[in-house]
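# Results of the structural survey
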Amino acid sequence: MSKNWRPATTLVHGGTLRSPYGETSEAIFLTQGFVYESSEAAEARFKGENDGYIYARYGSPTNDMFEKRMCMMEGAEDARAMASGMAAVAAAVLCQVKAGDHIVAARALFGSCRYVVETLAPRYGVECTLVDGRDLANWEAAIRPNTKVMFLESPTNPTLEVIDVAGVAKLANQVGAKLIVDNVFATPLFQKPLELGAHVVVYSATKHIDGQGRCLGGVVLSSKEWINENLHDYFRHTGPAMSPFNAWTLLKGMETLPLRVKQQTENATAIADFLAEQSAVGKVIYPGRKDHPQADIIAKQMTGGSTLVCFEMKGGKEAAFKLQNALEIIKISNNLGDAKSLITHPATTTHKNLTDEARAELGISAGTVRLSCGIEDTQDLLEDLAKALNRL
């Protein structure tokens, strides 16, 4: 199989396996277990002497296709498909730490990600330090001799901050820590964390990879060595495996990923520029605009903007709610990366469990709104926003 395919080809053909029936679309192997030709064959399979599948919790042909296709896109040696994005995050973090270890993480994380490093890990004796990830000096100052994991997302949820992945990776290498990057907002099309020096990449495949509101999924990607030494046994024994049906659905989603992300990004660019001119909007944050606070880092590590726009309504929560309620095409939902345009108010949804102080640190105000742009006609979306703003 060619390793020189461009992304659009890889996302259609990468990792495909075919049964003797020669099906065009990938098959769903919806089975719990597998049959062996003999007792000796079963013994050899469990010893690892023969290739093949043992149990669907460990792997299946459909999941294998999804993992291989993601590896080809990401430039990773190996991957494990998980039941959800948060299963992937929890596995990537927890599989490599023990009591007495230390985690340094960017404070600008999705609420559930913060729970894993800030609340869950300390229960098992793993300390955590949260830093303002935009400044490399903060990462360096937080590192301890027992720092084993560094964790960030870039761009961040929901304020679209961008962190210097290569810079943080260099610091991690100096102390032998492993850098995990949540690459959901950039997608594998716009950013390659492993090429920038990261050691592990995680995705909520629920978002852009499915991108059509159908199923949950997650994936962890890294080197074969890291997965074999850290993730393999954790994965087998704790059971976060993805359903083969979901793996098949995600394979279908990957086929149209470039088409969807292209249109979503075009829509996001147009909407960000439109919102920046509106008197009711106090601030617009979009990685594709020259006024983004980390525009220099974006130019260095990303090949595209984003499918999401973050903006702040001057009238706070009341104005944000009125705007969302007045929209017709754009739907209120806490999901993102969907073919449908979705809008949410982070302070009362995705980040509501954070304290007021924590939200303020992240730049999430009562007026902050996150808009995930879909694949609808650009002009229809602009008119929908214009009408909603006029109703204010």
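Reading the values: rules and limits
- Residues numbered from 1 in each chain as written.
- Predicted model: local features only at pLDDT ≥ 70, side-chain atom pairs only at ≥ 80, totals over all residues.
- Heavy atoms only, no water.
- UniProt positions renumbered as here; feature names shortened; annotations may be inferred.
- Core = buried A, V, L, I, M, F, W, Y, C linked by side-chain atoms within 4.5 Å.
- Buried < 20%, exposed > 50% of the residue type's maximum accessible area, 1.4 Å probe, protein only.
- Helix = DSSP H or I, 4+ residues; strand = E, 2+ residues; numbered from the N terminus.
- Domains from an automatic or database assignment.
- Salt bridge = Lys/Arg side-chain N within 4 Å of Asp/Glu carboxyl O.
- Patch = residues over 30% accessible without salt bridge, like charges linked within 9 Å, V, L, I, M, F, W, Y side chains within 5 Å.
- Areas by Shrake-Rupley, 256 points an atom, 1.4 Å probe, with all protein chains shown as cover.

- The chain goes by O-succinylhomoserine sulfhydrylase in an unreviewed UniProt entry, where it is assigned to Rhizobium rosettiformans.
- According to the UniProt record, the Function (unreviewed entry) comment for the chain is "Catalyzes the formation of L-homocysteine from O-succinyl-L-homoserine (OSHS) and hydrogen sulfide."

### Some details on the nonpolar core
- Membership of the largest hydrophobic core comes to 32 residues, with the highest contact counts inside it found for F66, M70, Y203, I209 and L221.
- Contributions of two or more residues to this core are made by α3 (61-74), β1 (78-82), α8 (187-190), β6 (200-204), β7 (218-222), α11 (244-255), α12 (257-275) and β9 (308-313).
- Among the elements that make up this core, the one with the highest residue count is α3 (five residues).
- Among the domains, domain 1 (5-250) and domain 2 (255-388) are the pair contributing at least three residues each to this core.
- Core analysis: the second largest hydrophobic core is formed by 28 residues, V93, A105, V149 and L231 among them.

### Let's talk about the pattern of salt bridges
- Per the stated rule, a full pass over the model turns up 19 salt bridges.
- Where K68 meets D64, a salt bridge forms, and the shortest distance between an N and an O atom there is 2.9 Å. On the criterion of helical spacing, the pair formed by K68 and D64 is a turn pair, its members being four residues apart in helix α3.
- According to the relative accessible area criterion, K68 is partly exposed, its value standing at 39%.
- Relative accessible area serves as the criterion here: at 18%, D64 is assigned to the buried category.
- The salt bridge partner of E127 is R144, with a shortest N-O separation of 2.9 Å.

### Here we look at a nonpolar patch on the surface
- Together, I28, L30 and F245 line one region of the surface with nonpolar side chains, adding up to about 290 Å² of accessible area.
- Residue placement: I28 occurs in the loop between α1 (7-13) and α2 (39-47).

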